[in-house]
Amino acid sequence: MKTVLSENDIQKMIDEVTSMKGIRLADEDTYKARFDTCMECESLMYGSTCAHCGCVMQVRARLSDGKCPKKKW
Ligand code: SF4
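This is a predicted model, so every value here is computed, not measured.

Structural notes on the overall build of the chain
Scanning the chain from terminus to terminus reveals 3 helices and 2 strands. At 12 Å, the chain has a C-alpha radius of gyration in line with the 11 Å of a compact globule built from 73 residues. The C-alpha extent of the chain, read off along each of the three principal axes, is 30 × 30 × 15 Å. Within the chain, the proportion of its 73 residues that are buried is 12%. Contacts spanning at least 24 positions in sequence make up 61% of the contacts within the chain whose residues lie at least 6 apart.

A word on the environment of C55
By the secondary structure assignment, C55 is in the loop between β2 (49-50) and α3 (57-60). The exposure class of C55 is partly exposed, given the 17 C-beta atoms found within 10 Å. Distance in space between the C-alpha atoms of C55 and L44 is 10.0 Å, their sequence separation being 11 residues. Not counting residues within four places of it along the chain, the set of residues in contact with C55 comprises C50 and R60.

Considering the site of the ligand
Every residue lining the ligand is accounted for by T37, C38, C41, S43, L44, C50, H52, M57, C68, P69, K70 and K72. A breakdown of the residues in the shell around the ligand according to their chemical character gives 7 nonpolar, 3 polar and 2 charged.

Thresholds, definitions, all that
- Within each chain, residue numbers correspond to sequence positions counted from 1 in written order.
- Reporting in this predicted model follows two pLDDT cut-offs: at least 70 for local features of residues, and 80 or more for side-chain atom pairs to be given and counted; totals over whole chains, interfaces and linings ignore these cut-offs and use all residues.
- Starting at the N terminus, helices and strands are each numbered in turn, a helix being any DSSP run of H or I of at least four residues and a strand any DSSP run of E of at least two.
- Atoms considered for the radius of gyration are the C-alpha atoms alone. The globule rule reads 2.2 Å times the number of residues to the power 0.38.
- Put simply, a residue is buried when 20 or more other C-beta atoms lie within 10 Å of its own C-beta and exposed when 12 or fewer do; between those, it is partly exposed, and each C-beta is set from the backbone.
- By definition, residue pairs are in contact when their C-beta atoms, positioned from the backbone, come within 7 Å.
- We count a residue as near a molecule or strand when its backbone-placed C-beta atom lies within 6 Å of that partner.
- Nonpolar residues are Ala, Val, Leu, Ile, Met, Phe, Trp, Tyr, Cys and Pro. Charged residues are Asp, Glu, Lys and Arg, and all others, Gly as well, are polar.

Given below as structure tokens:
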């Protein structure tokens, strides 16, 4: 199983999720703040994957009801 995602892989996932009907997205400032928190978090692996939930951070942080499993955001 591939564990390191390319920028292209991440972008495809973002595009898939953000184009889903009825999906509610966080505003850009919220996303940016979450992204910055994750980038400084010791639990972020390969710059994209949260060790606690296994999610792709760049996707989860875009969801309006996305939550950090460690309650950092
Ligand atoms: S979602 Fe939370 S625990 Fe996971 S990498 Fe981001 S800040 Fe860290």
